[in-house]
Amino acid sequence: DAKTTQPNSMESNEEEPVHLPCNHSTISGTDYIHWYRQLPSQGPEYVIHGLTSNVNNRMASLAIAEDRKSSTLILHRATLRDAAVYYCILRDVLGSQGNLIFGKGTKLSVKP
Amino acid sequence: DTEVTQTPKHLVMGMTNKKSLKCEQHMGHRAMYWYKQKAKKPPELMFVYSYEKLSINESVPSRFSPECPNSSLLNLHLHALQPEDSALYLCASRAPGQGAAGIQYFGAGTRLSVL
């Protein structure tokens, strides 16, 4: 699986937008970009995923660069409950089992 | 219902004990996973079951023995563990046929301490 690079940590203020970057310069044409997050003392939870086009859902938006070598997860209004580790993961449609290979992720802190 | 239930939530065991972790889902998912997560580290894949058959073993020591008795249940049998096996053990499931676009649903994990 292609690798991703994320900042170790980021800080945000409550009710402000947060942009979490992810670099994946070796992405292949068949790689989906997935984002999961892990709140303290919980298992990871799915946030959003996309292939080429920008995606929106009730939790977040995913902006994918035109060359697909980077992407940004956007939380439109951060709340204290969004404090978590955010993982950007590439999953190859040709790979086995759709397995998730987690990188180190970005720890997001939200200040009131 | 998008819930994956893991029991127990916490487990303390000695190095000579035998114990089992249990994972259950009723979403009709046919792919189930065990992950291990050490403190302040990302989850690491251990095993994958697809249609109740073991399809991936990520070179996990034999003191960890997975079992999938039916499509809703996944067990992890533990025997002669070492203190370094202390970690959060996570179970996940995924709907069939979605490949790389499929969403994995995780349980809250079992926090294991080996004394």
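Residues numbered from 1 in each chain as written. Chains lettered and ligands numbered in written order. Predicted model: local features only at pLDDT ≥ 70, side-chain atom pairs only at ≥ 80, totals over all residues. Heavy atoms only, no water.

Peer 1: Got a minute to help me understand the overall build of chain B in this structure?
Peer 2: When helices and strands are counted, chain B shows zero helices and eleven strands. Secondary structure elements of chain B, listed N to C terminal, follow the sequence β-β-β-β-β-β-β-β-β-β-β. On C-alpha atoms alone, chain B measures out to a radius of gyration of 13 Å, which is about the 13 Å that the 2.2 N^0.38 rule sets for 115 residues. Taken along its principal axes, the extent of the C-alpha atoms in chain B is 40 × 25 × 20 Å. In the structure as shown, chain B presents an accessible area of about 5,500 Å², 50% of it carried by carbon and sulfur atoms. Each charge class in chain B was averaged separately, 13 positive and 9 negative side chains, and the resulting centres sit 5 Å apart. (Helix = DSSP H or I, 4+ residues; strand = E, 2+ residues; numbered from the N terminus. Rg over C-alpha atoms; globule rule 2.2 N^0.38 Å. Areas by Shrake-Rupley, 256 points an atom, 1.4 Å probe, with all protein chains shown as cover. Lys, Arg positive; Asp, Glu negative; His and termini not counted. Charge placed at Lys NZ, Arg CZ, Asp CG, Glu CD.)

Peer 1: Sorry, what's going on with the interface of chain A and chain B here?
Peer 2: With 21 residues of chain A in contact, the opposing surface of chain B contributes 23 residues. Across the chain A-chain B interface, the total number found is zero salt bridges. Where chain A touches chain B, the interface holds three residue pairs in polar contact (both at pLDDT 80 or more). Listing elements by their share of the side of chain A that touches chain B, those giving two or more residues are strand E3 (31-38), strand E4 (45-50) and strand E8 (84-92) of chain A. In terms of residues, the side of chain A that touches chain B owes the most to one element, E3 of chain A, which gives four residues. Counted by class, the side of chain A that touches chain B contains eight nonpolar, ten polar and three charged residues. (Contact = heavy atoms within 4.5 Å. Salt bridge = Lys/Arg side-chain N within 4 Å of Asp/Glu carboxyl O. Polar contact = N/O pair within 3.5 Å; in protein donor to acceptor, adjacent residues only side chain to side chain. Nonpolar A, V, L, I, M, F, W, Y, C, P; charged D, E, K, R; others polar.)

Peer 1: How should the sheet that holds strand E9 (residues 106-111) of chain A be read in this particular structure?
Peer 2: In a beta sheet, neighbouring strands pair by backbone hydrogen bonds and run either parallel or antiparallel. Residue and element names in this part refer to chain A. Overall, mixed pairing links the five strands, which are arranged E1-E9-E8-E3-E4 in an open sheet. Sheet topology places strand E1 (9-13) and E4 at the edges, where each strand pairs with a single neighbour. With direction set aside, neighbouring strand axes in the sheet form an average angle of 25°. With five bridges connecting them, E1 and E9 associate as parallel partners. Along E9, the bridge assignment pairs Asn 13 with Lys 111. (Pairing = 2+ DSSP bridges. Axes fitted to C-alpha atoms, helices over the stretch in contact; angles between N-to-C directions.)

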